[in-house]
Amino acid sequence: MPISEFKEVGEELERLRQEIGELRLDLQVVAKAAGVEAQLDAARSERQLHKAETQTAIKRLDERLGSL
């Protein structure tokens, strides 16, 4: 195998290493975004729960006031 072919193989390996590094960064960004999305979903669910609890409490107060 001529030296020039070794050089080409080495350059291709380096290019692939860089591409793998970029893909790892992309995966880290996606994983972080998924975590943030999960946190937002949890916050939305909690907000909906609090909203329902507040509406129930208001309804009870209205019923109590109505019975006075």
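Residues numbered from 1 in each chain as written. Predicted model: local features only at pLDDT ≥ 70, side-chain atom pairs only at ≥ 80, totals over all residues. Heavy atoms only, no water.

### Section: the overall build of the protein chain
Keep this limit in mind: The numbering of helices and of strands both runs from the N terminus, where a helix is a DSSP run of H or I of at least 4 residues and a strand a run of E of at least 2. Taken over C-alpha atoms, the radius of gyration is set against a globule rule of 2.2 Å times the number of residues to the power 0.38. Think of it in three bands: with a 1.4 Å probe and only protein chains considered, a residue is buried below 20% of the maximum accessible area for its type, exposed above 50%, and partly exposed in between. Here the open area of atoms and residues is found with the Shrake-Rupley method and a 1.4 Å probe, where only the protein chains shown may cover a residue. Charge convention: Lys and Arg are scored as positive, Asp and Glu as negative, and His as well as the terminal groups of each chain are ignored. Taken as the charge location is NZ of Lys, CZ of Arg, CG of Asp or CD of Glu.
Looking only at helices and strands, the protein chain features one helix and zero strands. Over its C-alpha atoms the protein chain spans a radius of gyration of 29 Å, topping by over 25% the 11 Å that the globule rule assigns to 68 residues. Taken along the three principal axes of its C-alpha coordinates, the protein chain extends 100 × 10 × 5 Å. A buried classification covers 0% of the 68 residues belonging to the protein chain. When the accessible area of the protein chain is evaluated, it comes to approximately 6,500 Å², of which 60% is carbon and sulfur surface. Looking at charge distribution, the protein chain has the averaged site of its 11 positive side-chain charges lying 11 Å from that of its 14 negative ones.

### A closer look at the pattern of salt bridges
In plain terms, the rule: The salt bridge definition used is simple: a Lys or Arg side-chain nitrogen within 4 Å of an Asp or Glu carboxyl oxygen.
Evaluation of the coordinates by the stated rule reveals five salt bridges. With its nearest N and O atoms 3.0 Å apart, the salt bridge here joins Arg44 to Asp41. With Arg44 and Asp41 both in helix α1 (residues 3-67) and three residues apart, the pair spans about one turn of that helix. Owing to a relative accessible area of 44%, Arg44 belongs among the partly exposed residues under this scheme. Its relative accessible area of 39% is what places Asp41 among the partly exposed residues. By sharing partners, the salt bridges in this structure join Glu12, Arg15 and Glu19 into a single network.

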